[in-house]
Amino acid sequence: MAKCIRVPKSEGEPIRRALMEEGLLDMDYRIGSEGDSILMPVLCDGYRGYAAEEAELRPSNRGETDYKDIADVPDGLKEYLPKSFDVIGDIAILKLEDCLVPYRAAIGEALMKVTPNIRAVFLDGGVKGDFRVRELEKIAGSGTSEVIHREYGTRMMTDPSKVYFNPRLATERARVASMVEDGEVVIDMFAGVAPFGTVICRHARPSMVYSIDLNPECERFMKENMRLNHIRNMECIIGDSTEVVRKLPKADRIIMNLPQMADRFLDSALRSVKPSGIIHMHKIMERSELEPFQKEMAKRMADEGLGMRVVRVSELKTYSPTMSVYVFDICPE
Ligand SMILES: C[S@@+](CC[C@H](N)C(=O)[O-])C[C@H]1O[C@@H](n2cnc3c(N)ncnc32)[C@H](O)[C@@H]1O
């Protein structure tokens, strides 16, 4: 028996893609169908309101397409091999339990053998510091971690060892881009290499997108991404967004993708958004804190003389057994 969620056929492809991006699709089983429903094998207890259930699903029978089958690690450690990893451009990035680190070269080689178009594999030592930059060690393949990543018809140059980049945000970037109306002024306060701005400029018609980041390394990548995607209506600004936004025109839409602490910057965003505008704020928090957090945030803003209303909250992904990443869509009042 496999753990799966039952989703309507019309929802099948977007849900499958989102599960893949979050590493929650159980690749050991094939996707099944029953009447008008798709049975999607999952590694979680529920997803986007669909509770997990048990069902008979056929094993995926991936043979030598599964790196776990050919990785040269002691049998007792195979169960610790990660089921998912990130692919950014033509590199793979994976986290390993401490017990597997001595076997990292063999694991990297196995991943290269079964994953088409992968040039190199990097061991992920986690993100560090204000710039959220990844500590990477090459464990197989050749070349550096600088890549061109493709997302929703865009090409983006990035290097996760120098600047923050998260391929798992593709669905969220597409959601925000789909909401942008003609002529909008958009501010991305924590832009990284400007993937939000790039997807927005390619799929909508804003009058201007201001992409701001504190990390000086971002500038080269932002500018290259404008060039790669023939974008003229984006301005790349290196600086502290609390300072920078004061000098910019008021925005129709502000993106705040600094999930560890975006709420600390919400007052700046509320002062910089038009009365008819909207803020998309990403935040990691305990699931049990969702309600009190919103009350406390509204009170904190009221103390500053700023009115706000949360118009939509959505869980983007699980972060730990008790925490999730949420996006709050917030309007000024
Ligand atoms: C989670 S990353 C966001 C990346 C980007 N939005 C994406 O989709 O890939 C947060 C970014 O905020 C930047 N940052 C942190 N504090 C900042 C500040 N005060 N002003 C501007 N950028 C800041 C970091 O350098 C980092 O690139």
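Thresholds applied
Residues numbered from 1 in each chain as written. Predicted model: local features only at pLDDT ≥ 70, side-chain atom pairs only at ≥ 80, totals over all residues. Heavy atoms only, no water. Near = heavy atom within 4 Å. Polar contact = N/O pair within 3.5 Å; in protein donor to acceptor, adjacent residues only side chain to side chain. Areas by Shrake-Rupley, 256 points an atom, 1.4 Å probe, with all protein chains shown as cover. Disulfide = S-S within 2.5 Å. Buried < 20%, exposed > 50% of the residue type's maximum accessible area, 1.4 Å probe, protein only. Helix = DSSP H or I, 4+ residues; strand = E, 2+ residues; numbered from the N terminus. 1 Å grid on protein atoms, 1.4 Å probe; cavity = no way out; pocket = protein on both sides within 12 Å on 5 of 7 lines; lining within 4 Å. Points joined across faces, edges and corners; volume = space filled by probe spheres on them. Pairing = 2+ DSSP bridges. Axes fitted to C-alpha atoms, helices over the stretch in contact; angles between N-to-C directions. Contact = heavy atoms within 4.5 Å. Domains from an automatic or database assignment. Buried area = accessible area lost by both parts, 1.4 Å probe. UniProt positions renumbered as here; feature names shortened; annotations may be inferred.

Going by what an unreviewed UniProt entry lists, the chain is known as tRNA (guanine(37)-N(1))-methyltransferase and is assigned to Methanomethylophilus alvi.

Around the ligand there are 22 residues in total, and R173, F190, D213, S241 and N257 lie nearest to it. Separating an oxygen atom of the ligand from a side-chain N or O atom of D213 is a distance of 2.7 Å. In this structure, D240 approaches the ligand through a side-chain N or O atom, which is 3.1 Å from a nitrogen atom. Across the complex, the protein chains shield 98% of the 610 Å² of accessible surface that the ligand would expose by itself.

Note on terminology: disulfide describes a covalent bond linking the sulfur atoms of two cysteines. Tallied over the full model, the rule gives zero disulfides. Here C44 stays unpaired: no disulfide links it, and the sulfur of C4, its closest cysteine neighbor, is 11 Å away. Overall, the relative accessible area of 12% leaves C44 in the buried class. Of all cysteine sulfurs in the structure, the one in C201 sits closest to C236, which takes part in no disulfide; the separation is 9.7 Å. The class of C236 is buried, set by a relative accessible area of 16%.

A word on the environment of P292. Mapped onto the elements of the fold, P292 is located in helix α9 (residues 290–303). Spatially, the C-alpha atom of P292 lies 36 Å from that of D182, the residues being 110 residues apart in sequence.

The gaps left among the atoms become clear once a water-sized probe is rolled over them. A volume near 920 Å³ is recorded for the second largest pocket. Contributing to the lining of the second largest pocket are 34 residues, with M20, E21, M27, F85 and V87 lying nearest its centre. Contributions of two or more residues to the lining of the second largest pocket are made by α1 (12–21), α2 (67–70), β6 (86–88), α3 (104–114) and β10 (147–151). With four residues, α1 is the largest single contributor of residues to the lining of the second largest pocket.

The strand order across the open sheet formed by seven strands is β14-β13-β12-β15-β16-β18-β17, and the pairing between neighbours is mixed. In this open sheet, the two strands that pair with only one neighbour each are β14 (234–238) and β17 (308–318). In this sheet, neighbouring strand axes are inclined to one another by 15° on average, regardless of whether the strands run parallel or antiparallel. Strands β13 (208–213) and β14 of the sheet are contacted by helix α6 (residues 218–228), whose axis makes an angle of about 175° with β14. In the packing of α9 onto the sheet, the strands contacted are β16 (273–286), β17 and β18 (323–332), and the crossing angle to β17 comes to about 140°.

Let's shift gears to the sheet that holds β6. Ordered in space as β6-β7-β8-β9, the four strands form an open sheet in which the pairing is mixed. The strands lining the two open edges of the sheet, one partner per strand, are β6 and β9 (133–141). Sheet twist, expressed as the average angle between the axes of neighbouring strands with direction ignored, equals 30°. With four bridges joining them, strand β7 (residues 91–94) and strand β8 (residues 120–128) adopt parallel strand pairing. Counted as the bridge partner of A92 is V121 from β8.

Another point: the domain arrangement of the chain. Looking at the assigned domains, one finds that the chain contains domain 1 (2–55), domain 2 (63–145) and domain 3 (166–332). Just the C-alpha atoms count here: the centres of domain 2 and domain 3 sit 31 Å apart. Counting from both sides, the interface comprises eight residues of domain 2 and, opposite them, six residues of domain 3. Both sides together, the interface formed by domain 2 and domain 3 hides about 610 Å², and carbon and sulfur atoms give 58% of it.

Okay, the UniProt feature "domain: SAM-dependent methyltransferase TRM5/TYW2-type" (unreviewed entry) in the chain next. UniProt tags residues 85–333 as "domain: SAM-dependent methyltransferase TRM5/TYW2-type" (unreviewed entry). Helix makes up 27% of residues 85–333 and strand 37%, whereas the separation of the span's terminal C-alpha atoms amounts to 42 Å.

Attention shifts here to the pairing of strand β3 (residues 37–41). The buried count for β3 comes to five of five residues, which makes it a mostly enclosed element. Of the two faces of β3, both are covered, the one formed by S37, L39 and P41 as well as the one formed by I38 and M40. Strand direction decides the pairing type here: strand β1 (residues 2–8) and β3, joined by five bridges, are antiparallel. From the neighbouring strand, R6 faces β3, where its bridge partner is L39. Sheet topology note: the strand β2 (residues 32–34)/β3 ladder contains three bridges and is antiparallel. The partner of E34 across the bridge, within β3, is S37. Between β2 and β3, which pair antiparallel one after the other, the connecting turn spans two residues, and G35 there sits at a positive phi close to 60°.

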